[in-house]
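What follows is each chain in one-letter form.
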Amino acid sequence: MKKNLRKDLILISELINSNEKVLDIGCGDGNLLGNLMKTKRVDCRGIELSQTGVNECVKKGLSVIQGDANFDLKDYPDRSFTTAILSQTIQAMIYPDNVIENLIRIAERAIISFPNFAYWKIRRDFFFSGLMPKNVALPFEWYDTPNIHLCSIKDFTNFCEKKGIKINESLYLNEEGEKLSDFMKNSRAYQAIFCVSKK
Amino acid sequence: MKLKFETQKITYKDSFKLSSGREIQSCEVAFQTYGQLNKEKSNGILICHALTGDQFCSGINPLTKKKGWWDILIGPGKIIDTNIFFVVCSNVLGGCMGSTGPSTVDPKTGKQYGLNFPVITISDMVKLQVKLINSLGIKKLFAVIGGSMGGMQTLEWASRFEKKVNAVIPIASSYRHSAQNIAFHEIGRQAIMADTNWKSGNYYGSKQKPKRGLAVARMIAHITYLSESALQRKFGRNLQNSKNFSFNFITDFQIESYLKHQGSSFVERFDSNSYLYITKAMDYFDLSFRKGGLTNAFKNNDLSFCFFSFTSDWLFPTSETKTIIKSLNTSNAKVSFVEVKSDKGHDAFLLDEPEFHEILGGFIEGQIIKQGI
């Protein structure tokens, strides 16, 4: 089962304990939730924007509603979940700050993963080509990208400090999805996973 | 009541108390079952019909000789597979297909109730369904499924009888009837009551029935079941018989002919007084009006829900379903919700909508694994 999961999702699932109550925002076709339900007996819920994604989830027996994280998170009461997951989605949010604050309100902690825009190859490509950077995680053209709020690891940690958000755990990954040390993480990491909560 | 067709029936001799405080003596429920109840009695599915539906949801309807209203979904090997499930569908209280309603003979007077029939609610309809399910020996249903008014009934089950069901599937429905919906119903009722053959509901003995009024009510209602784009696609401004306008008031347009057909075929199978009573029951329905509001209606609820709405349904728009989901977020319920893209309007839930059927099938499969049948 785990073989089918994206590497960053495997690392996220390792952060989840058995019998947790989890909300996955932008759960796509439900691979992560399905895995958590089967392997950790997690009580899962999901929000997904695309109809095809929701269809896949419901077919898998998952409880997923079609909705938009930009607007629908406010409807959840405080502390309804133990963990809220936002994987590779924060950069596509209209109001990322609002979304993150909602996540740590409705769940005891939030796991947020995103592509690091300060990755050295992105810097290099942009420096030499002068074109908006593209890679596997960011495959779109500048005019059709849903990723409107890209950030670096440093941006994110600065944001957390400014907003008084506690970072409990952080993982930095290379392009292969392997864990890196903290050394020069803002240049070396291809993507990052943060586990944050209210202070 | 003498019926022109065969159906299963149970009569409850004890008095049946209604939301209004009035009582019905020896209340009857007419129903159909499809498939076999398993040993554990865990494979029962209750299907709740809409305003003008009946208990013949699958196979051939013996009155109209046409396919049952949800035959596309229910039957051997279909999405609601009667090889696996024991499907129960009952005619609602107030109906005219065998369950007690205004056309039933009042045991006190020996005459049909007419307007002496007490006004009923969705809650009363569901209470009669609960009695039926108990009589069939089912302690907990696998699922309750219904569209439109049937969806209201599924929500009533979820709110009042949450221990008697595992999964609830409300389709193209709402927790209340909106002002616009009530308005359309009132026009329908006024059309019936304006028909001189209606005679304050005492038409059962006479040859002349208030068919004109009921047909108009159906024509109005039918427009609300469709969408502007579906009407345009199907009929446009096409003329019925000739290439030119008739310059009189016979049927010019295809849409006129279609609506007239809808009206005239409906009156052959439906009772005008039943139409008055059932529309009123829908108008009265509002789960949010109860103590504690909508949130309280689903408190401590750990059911599995699967909601469906359709993009072009303006009678029960997606926003209504979303309001219920907001309330359910505060309970422990497991909620799935899909808005299906369709231009067929409210009626989409009855029609061939592959996307809807596929997701419904997926949800049911998930429930089969979860409930272990």
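Calculation notes
- Residues numbered from 1 in each chain as written.
- Chains lettered and ligands numbered in written order.
- Predicted model: local features only at pLDDT ≥ 70, side-chain atom pairs only at ≥ 80, totals over all residues.
- Helix = DSSP H or I, 4+ residues; strand = E, 2+ residues; numbered from the N terminus.
- Buried ≥ 20, exposed ≤ 12 C-beta atoms within 10 Å, placed from the backbone.
- Contact = placed C-beta atoms within 7 Å.
- Domains from an automatic or database assignment.
- Nonpolar A, V, L, I, M, F, W, Y, C, P; charged D, E, K, R; others polar.

A. How the structure looks around the overall build of chain A. Check the secondary structure of chain A and you find 8 helices and 8 strands. In terms of principal-axis extent, the alpha carbons of chain A reach across some 50 × 35 × 30 Å. A buried classification covers 43% of the 199 residues belonging to chain A. Here the analysis covers contacts within chain A between residues at least 6 apart in sequence; of these, 62% occur between residues at least 24 apart.

B. View of the domain arrangement of chain B. All names here are of chain B. For chain B, the domain assignment lists domain 1 (8-177 + 290-371) and domain 2 (181-280). Contacts between the two partners involve 26 residues from domain 1 and, on the opposite side, 22 residues from domain 2. For the side of domain 1 that touches domain 2, the per-class residue count stands at 11 nonpolar, 12 polar and 3 charged.

C. Inspection of unusual backbone geometry at higher detail. A positive phi angle, near 50 degrees, is found at M184 of chain A, a position not held by glycine. Inspection of the secondary structure puts M184 of chain A in the loop between β7 (179-180) and α8 (185-188). By the C-beta count within 10 Å, which is 11 here, M184 of chain A ends up exposed. For S26 of chain B, which is not glycine, the phi torsion reads 40 degrees and is therefore positive. Within the fold, S26 of chain B resides in the loop between β3 (23-24) and β4 (27-34).

D. Structural context of the interface of chain B and chain A. The interface is formed by 20 residues belonging to chain B together with 15 residues belonging to chain A. At the level of elements, β11 (304-310), α9 (318-328), β12 (334-340) and α10 (354-371) of chain B are the ones that each hand at least two residues to the side of chain B that touches chain A. The biggest single contributor to the side of chain B that touches chain A is α10 of chain B, with 7 residues. Looking at the side of chain B that touches chain A, its residues break down into 8 nonpolar, 6 polar and 6 charged.

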